[in-house]
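This is what each chain is made of:
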Amino acid sequence: MTQRKILAAAIGNCVHVAGLISFLKIAERHGFQTHFLGAAVSLERLAQEVEQQQGDVVALSYRLTPETLEPLLGELRQLMTERKWQQKVWLFGGTPPAAVVARRSGLFTAVFGDATQEEVEAFFRQERAEAAAPGPPPQTLMERIAAAAPMPLLRHHFGLPDLKATIEGARQLAEAAAIDVLSIGPDQNAQESFFRPEEMRRELDGAGGVPVRTPDDLRAIYQATRCGNYPLVRCYAGTRDLVRWAEMLAETIHVAWGAVPLFWYNVLDGRSDRPLVTAIQENQEAMRWYASHGIPLEVNEAHHWSLRDAPDTVAVAAAFLAAYNAKKMGARFYVAQYMFNTPARTSAPMDLAKMLAKAALIESLHDDTFASVRQTRTGLASMSADPHVAKGQLAASTFCQLALEPQIVHVVAYCEGDHAATPAEIIESAAIVRGVIQNRALGPLPMIEDPHIQERRAQLVEEATLLLEAIRALPSRHVDDPWTDPDTLAQAVKVGLLDAPHLCGNPHAAGKVATLIRRGACIAIDPQTGEELTERTRLARLGF
């Protein structure tokens, strides 16, 4: 931003200056010299100061009745015309009713009606970005993260059963500048059979998302977002034909980052009929494609195990395997998703311990060729169908997540325990999350230093390391890298090294592990006695 000096005053007979002082402190952090003129500053004195101080920006505050503000702004307009001040940047802050009058006057570049800290921060970031490079905000993930720092990007998924409604909703979200990343959620027909339309079941059109059927459908959604804050756009991966999906998403929506699983979207979860070994091979091929095209990569893995009540140790080991495979397939930037509240009855301290253990293992892979960014989210299974309760759950979960200092917060709308979110509900949910982030900006969250959390973190790192070593020892033949070998990984599932209670009865998995939430953590237990099993004991019972 070229302007470097701000003059600020509460005008007329207004003596309320706390908000103005806060505004100036934020301005100083963004490189401005500030000069506070005080409270109840007359327009005559304001005129003198504007001409003497030669400020580039004039910030005015008024928190009294809008009826008395209107004639005051009329006098200001006359002064601006007489003294040719129109070339300056004028800002206004006040109560929402006063802000309405200020906007109507047309005198101000920006008007803040009881603005949050995040809104003011966003204003200065946008001004700075426009001065550096006029036009839309950055359109690559890493540049967007850097531009938003220290605030995280907000992401939300969106896909209504009707294509036209989804296109219009995408436009509304962009214009509202509610989120930084829009994730298109296609329906299950599209995810599984986009490239095989003859296999689609028409009665399932729109089930679980938007019925995209052609590349032009994706282009239309993307074009609808080319306004407002120009959010980045990405899309759920297909459950088959993943490379073809990747190619199409890069061409149609300039996909911000790819997301593929390692062990899933196959006979394990019923989302396609791919055999497990084949699925792992094809998933790795998709990872290579994204990596070779310089597109950041997310591997949806750990929370799939936790959604099936796997022991926390299995989830931590799976998080490492996902990042390890992404790195070995050539990914430069990795989006590590940390899904909280999964399983639903996990306590906040044990959730943090599990995520810290995952981060420790994932970030041990960092080097000059590989780096990860932290993306946190609320677990949908934990959300109440009662919207009032769910709003509280969303805020509480977000507060806990911020202890990880994420670069991306994947917002889950409060309504999704009952129905897919509309644009209005996404905007409201994003506002709730921004409110939590605003409070977090006041200072760090010290809870991760709690000794109980650190003890559990260390335990999970140790147990996950044991499990990973057991997987590495699996092959009976020479394998260069067991942690990326599809046959070895599939065998780890088959023999029960990687296991979850929900896989019971699945012929492609062991499905023998029993778990329980105890002291807020998901642990393996002896199914006969209910006693906790250490990972060493569990592995020994499996013959390792």
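Note: the structure precedes this text.
Residues numbered from 1 in each chain as written. Predicted model: local features only at pLDDT ≥ 70, side-chain atom pairs only at ≥ 80, totals over all residues. Heavy atoms only, no water.

Caption draft 1: How the structure looks around the overall build of the protein chain. Looking only at helices and strands, one finds 19 helices and 15 strands in the protein chain. Over its C-alpha atoms, taken along the principal directions, the protein chain stretches across nearly 90 × 55 × 45 Å. Looking at the 544 residues of the protein chain, the share that counts as buried comes to 56%. Taking the intrachain contacts of the protein chain between residues at least 6 apart in sequence as the baseline, contacts between residues at least 24 apart amount to 71%. Carbon and sulfur atoms make up 52% of the accessible area of the protein chain, which amounts to about 22,300 Å² in all. Both charge centroids of the protein chain, one from 53 positive and one from 64 negative side chains, sit 2 Å from each other. (Helix = DSSP H or I, 4+ residues; strand = E, 2+ residues; numbered from the N terminus. Buried < 20%, exposed > 50% of the residue type's maximum accessible area, 1.4 Å probe, protein only. Contact = heavy atoms within 4.5 Å. Areas by Shrake-Rupley, 256 points an atom, 1.4 Å probe, with all protein chains shown as cover. Lys, Arg positive; Asp, Glu negative; His and termini not counted. Charge placed at Lys NZ, Arg CZ, Asp CG, Glu CD.)

Caption draft 2: Inspection of the sheet that holds strand β2 (residues 33-41) at higher detail. Across the sheet, five strands lie side by side as β2-β1-β3-β4-β5; this open sheet has parallel pairing. The outermost strands of the open sheet, each flanked by one partner alone, are β2 and β5 (110-113). Strand after strand, the sheet turns through a mean of 15° between neighbouring axes, direction not considered. As paired strands, strand β4 (residues 89-94) and β5 are joined by four bridges and run parallel to one another. Bridge pairing in β5 links F92 to V111. Contacting β1 (5-11), β2, β3 (57-62), β4 and β5, helix α1 (residues 18-29) runs over the sheet at an angle of about 175° to β1. (Pairing = 2+ DSSP bridges. Axes fitted to C-alpha atoms, helices over the stretch in contact; angles between N-to-C directions.)

Caption draft 3: Quick peek at the nonpolar core. Counting residues in hydrophobic clusters, the biggest one holds 115 residues, and the most contacted among them are F263, W305 and L498. Per element, the largest residue contribution to this core is 11 residues, and it comes from helix α13 (residues 312-328). If we ignore the near neighbours within four places in the chain, the residues touching L498 are F263, W305, V314, L321, L467, I471, A492 and V493. Of all hydrophobic cores here, the second largest spans 28 residues; its members include L7, L37, Y62 and L69. (Core = buried A, V, L, I, M, F, W, Y, C linked by side-chain atoms within 4.5 Å.)

Caption draft 4: Expanded view of the pairing of strand β15 (residues 521-525). Here β15 lies mainly inside the structure; five of its five residues are buried. Of the two faces of β15, the one carrying A521, I523 and I525 and the one carrying C522 and A524 are both buried. Where strand β14 (residues 514-518) lies against β15, five bridges are found, and the strand directions are antiparallel. Bridge pairing in β15 links A514 to I525. Connecting the antiparallel pair β14 and β15 is a turn made up of two residues, with R519 showing a positive phi of about 55°.

Caption draft 5: Main features of helix α6 (residues 141-148). For α6, every residue scored as buried is listed here: L141, R144, I145 and A148. Taken down its axis, α6 places every buried residue within 100° of arc, on the same side. (Arc of directions from axis to C-beta.)

Caption draft 6: Just unusual backbone geometry, in detail. Of the consecutive residues A149 and P150, the connecting peptide bond is found in the cis state with omega at 10°. By the element assignment, P150 lies in the loop between α6 and β6 (153-158). The residue after T342, namely P343, is reached through a cis peptide bond having omega -5°. Looking at the secondary structure, you find P343 in the loop between β11 (333-339) and α14 (348-363).

Caption draft 7: Region of the structure containing the state of the cysteines. Applying the stated rule across the entire model yields zero disulfides. With no disulfide partner, C227 has as its closest neighbouring cysteine sulfur the one in C235, 19 Å distant. (Disulfide = S-S within 2.5 Å.)

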